[in-house]
Amino acid sequence: MEPNFRLPLGEWVEVGLDWLITTLDSVFVFIRAFFVGAYDGLDWLLTAPPYWVIIVVFAAIAWWASSWKMGVGTAVGFAVIAGVNQWENAMHSFALVVIATVVALIISIPLGIWAASSNRASSVIKPILDFLQTMPAMVYLIPALAMFRVGVVPGIIATIIFAMAPGVRFTELGIRGVDKEVVEAGHVFGSSPARILYQIQLPLARPTIMAGVNQVIMLSLSMVVIAGMVGAPGLGGEIVLALSRIDAGLGFEAGIAVVVLAVFLDRVTASFGTNSTSRVGKNS
């Protein structure tokens, strides 16, 4: 039996979105120009050199961050991407992931620090994060598409919103997990709150924060693929095209490229977290 009332929630959202688009149109134009410029610049850096140059750079990063085995595996993985003619699409997606991740971390880490320093702020932020993490990913594309039109920008905006929650949670968890006696010792020696944060809490919380960075990157990559539905360039568009054509071969090739990017980003960021844990252990 249908209820005899209806909450006009959808209408309220549409009215609010229309008001935002009308009132903040110049702000959205600036945001669009900024992200388009940042994306075009990074994308050019990744696609202008020969593909083997970028492979060497990525392999060197993996070797330095982890081991020579990871470096060799990275070289082989990216060579496979080039071999299935998905190189430019993979670099488009990589550029989008990097930009979205950097902005998401710029927002989420300070929010996590604020939540760790204030129980009241934490009680307000946590329900918002719960909402962001439980909302279906594709829903974020709708307002982003309305505000920024088809292309790379709605994909970046939706990715930032979708991926930032773990950055906030892990930052708060890491700072709250720092030994209180160490913090109290800093107060006893007359350290300011800012100095305690930057010289005690953040260094000790770094392994946990890096785990949050890793999760932000993984969520960004998953959302970038979905963003292909709104015209974001890269592997997501290839997967959407393969789905529309029922082209299993194209879908598998694009999927393999996504896997290579995911493994590279996951292992490199995880290595940074592991290395920071070792350094903290030695210093202590």
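Refer to the structure presented above.
Remember, predicted model here, so these are calculated numbers, not experimental data.

Participant: I'd love a proper account of the overall build of the protein chain, names of residues and values included.
Facilitator: Each helix and strand counted, the protein chain has 13 helices and zero strands in total. Listing the helices and strands of the protein chain from first to last along the sequence gives α-α-α-α-α-α-α-α-α-α-α-α-α. Summarising its shape, the C-alpha atoms of the protein chain cover approximately 65 × 65 × 45 Å along the three principal directions. Only carbon and sulfur atoms are counted for the fraction: they give 69% of the accessible area of the protein chain, which is about 15600 Å². Charge separation in the protein chain, taken as the distance between the mean sites of 15 positive and 17 negative side-chain charges, equals 11 Å.

Participant: For the side chain of Thr74, give the residues involved together with the corresponding values.
Facilitator: Position of Thr74 relative to the elements: it lies in helix H4 (residues 68-83). When its relative accessible area of 4% is taken as the criterion, Thr74 is described as buried. Setting aside chain neighbours within four positions, we find Thr74 in contact with Phe58, Ala59, Ala62 and Phe264.

Participant: Give me the lowdown on the pattern of salt bridges, citing residues and values where you can.
Facilitator: Scanning the entire structure with this criterion turns up three salt bridges. The closest approach of N and O atoms between Asp130 and Arg169, which form a salt bridge, is 2.4 Å. With Asp130 in helix H6 (residues 119-134) and Arg169 in helix H9 (residues 165-176), this residue pair connects regions lying 39 residues apart in the sequence. The exposure class assigned to Asp130 is partly exposed, which follows from its relative accessible area of 39%.

Reading the values: the criteria
- Residues numbered from 1 in each chain as written.
- Predicted model: local features only at pLDDT ≥ 70, side-chain atom pairs only at ≥ 80, totals over all residues.
- Heavy atoms only, no water.
- Helix = DSSP H or I, 4+ residues; strand = E, 2+ residues; numbered from the N terminus.
- Areas by Shrake-Rupley, 256 points an atom, 1.4 Å probe, with all protein chains shown as cover.
- Lys, Arg positive; Asp, Glu negative; His and termini not counted.
- Charge placed at Lys NZ, Arg CZ, Asp CG, Glu CD.
- Buried < 20%, exposed > 50% of the residue type's maximum accessible area, 1.4 Å probe, protein only.
- Contact = heavy atoms within 4.5 Å.
- Salt bridge = Lys/Arg side-chain N within 4 Å of Asp/Glu carboxyl O.

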